Amino acid sequence: GSLVARATLHNEDFVVQKDIMIGDQVVIRKAGDVIPEVVRSLPEKRDGTQKHFSMIQQCPICQHTLLRKEEEAAHYCVNPYCEKKNIEAIIHFSSRNAMNIEGLGEKVSEMLYNEKFVQTIADLYDLAKYYDSLIALEGYGKKSVDNLLSAIEKSKQHSFERLLFGLGIKEVGEKGAKILAKKFLSLEALSQQSEEELMKIRDVGPKMAQAVVAYFSKQEHQKLIQRLKEAGVNLHYLGATNTEKTHPLFT
């Protein structure tokens, strides 16, 4: 009863395994009655105009060579200066399950980056110095800017697990961030742990442990954390939420 406009082809392996060519007609279904999924191609309907798919080799934004790890299907841009990656980092940091900065969605994050107001997540906490420039932008005014700055200021008070998830450390999802925050209680304590110590924790595997140690070993990340600390962002675990305190699964 709905019109399906697009369906995701998850990765290069998926396309190859399903024998899907550019220009093919395909069978789709609603996976879980919701998400459009490509089930298979229809080779019998090909007319010779179809073309084989080949994965791009360079990032479409910065042209840096893409990397695919042997054990993974995804391709990554590993250029730390890729503008799109930097914008996505700001969007993720501000998202509801991370620092929950209301009013700082995709469009606003991209605008702030393009205007050179915010280049890293730490720059968000210096945004007030551009107050006059912000209210002068088309579509903005004193009230909207005040609300945004207020939301940014409020985010400083969140518990450590939100910040940890917001940092975007590979392999550390929302659940992993909560586990690590509850165990080590502060960002400083976590940053000093070895892979061996991290892997002693239930639900922390070698990939997560390696990713955490690798993140804190980089000088640029240490500088970023120092800036967040100087801005007054909370780096400590504030304790379980009311739900966690009362739910039998957490007892």
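Presented here is an overview of the structure given in this document. (Residues numbered from 1 in each chain as written. Predicted model: local features only at pLDDT ≥ 70, side-chain atom pairs only at ≥ 80, totals over all residues. Heavy atoms only, no water.)

## Quick word on the pattern of salt bridges
Moving on, step 1. Considering all chains together, one arrives at 13 salt bridges under this definition.
Moving on, step 2. For D24, the salt bridge is made with R46, and the minimal N-O distance between the two is 2.8 Å. Here D24 is found in the loop between α1 (12–17) and β1 (26–31), whereas its partner R46 is found in the loop between β2 (35–41) and β3 (66–67), with 22 residues between them in sequence.
Moving on, step 3. When the shortest N-O distance is used, the salt bridge between E171 and K170 registers 3.7 Å.
Moving on, step 4. Shared partners join several salt bridges into a network, and the residues in it are E12, D13 and R68. (Salt bridge = Lys/Arg side-chain N within 4 Å of Asp/Glu carboxyl O. Helix = DSSP H or I, 4+ residues; strand = E, 2+ residues; numbered from the N terminus.)

## Here we look at the pairing of β2
Moving on, step 1. Judged from the six bridges that link them, β1 and β2 form a sheet pairing that is antiparallel. Looking at the pairing, V27 lines up with R40 of β2.
Moving on, step 2. Turn length for the β1-β2 hairpin, with the two strands adjacent in sequence and antiparallel, is three residues, and the turn residue G32 shows positive phi of about 65°. (Pairing = 2+ DSSP bridges.)

## With respect to helix α3 (residues 106–114)
Three- or four-residue spacings in an α-helix give side chains the same orientation, since the helix completes a turn every 3.6 residues.
Moving on, step 1. Those residues of α3 that sit buried are V108, S109, M111, L112 and Y113.
Moving on, step 2. Check the buried side of α3 and you find it contacts α2 (83–94), α4 (131–135) and α5 (142–155).
Moving on, step 3. K116, located one to two residues past α3, shows a positive phi value of around 70°. (Buried < 20%, exposed > 50% of the residue type's maximum accessible area, 1.4 Å probe, protein only. Contact = heavy atoms within 4.5 Å.)

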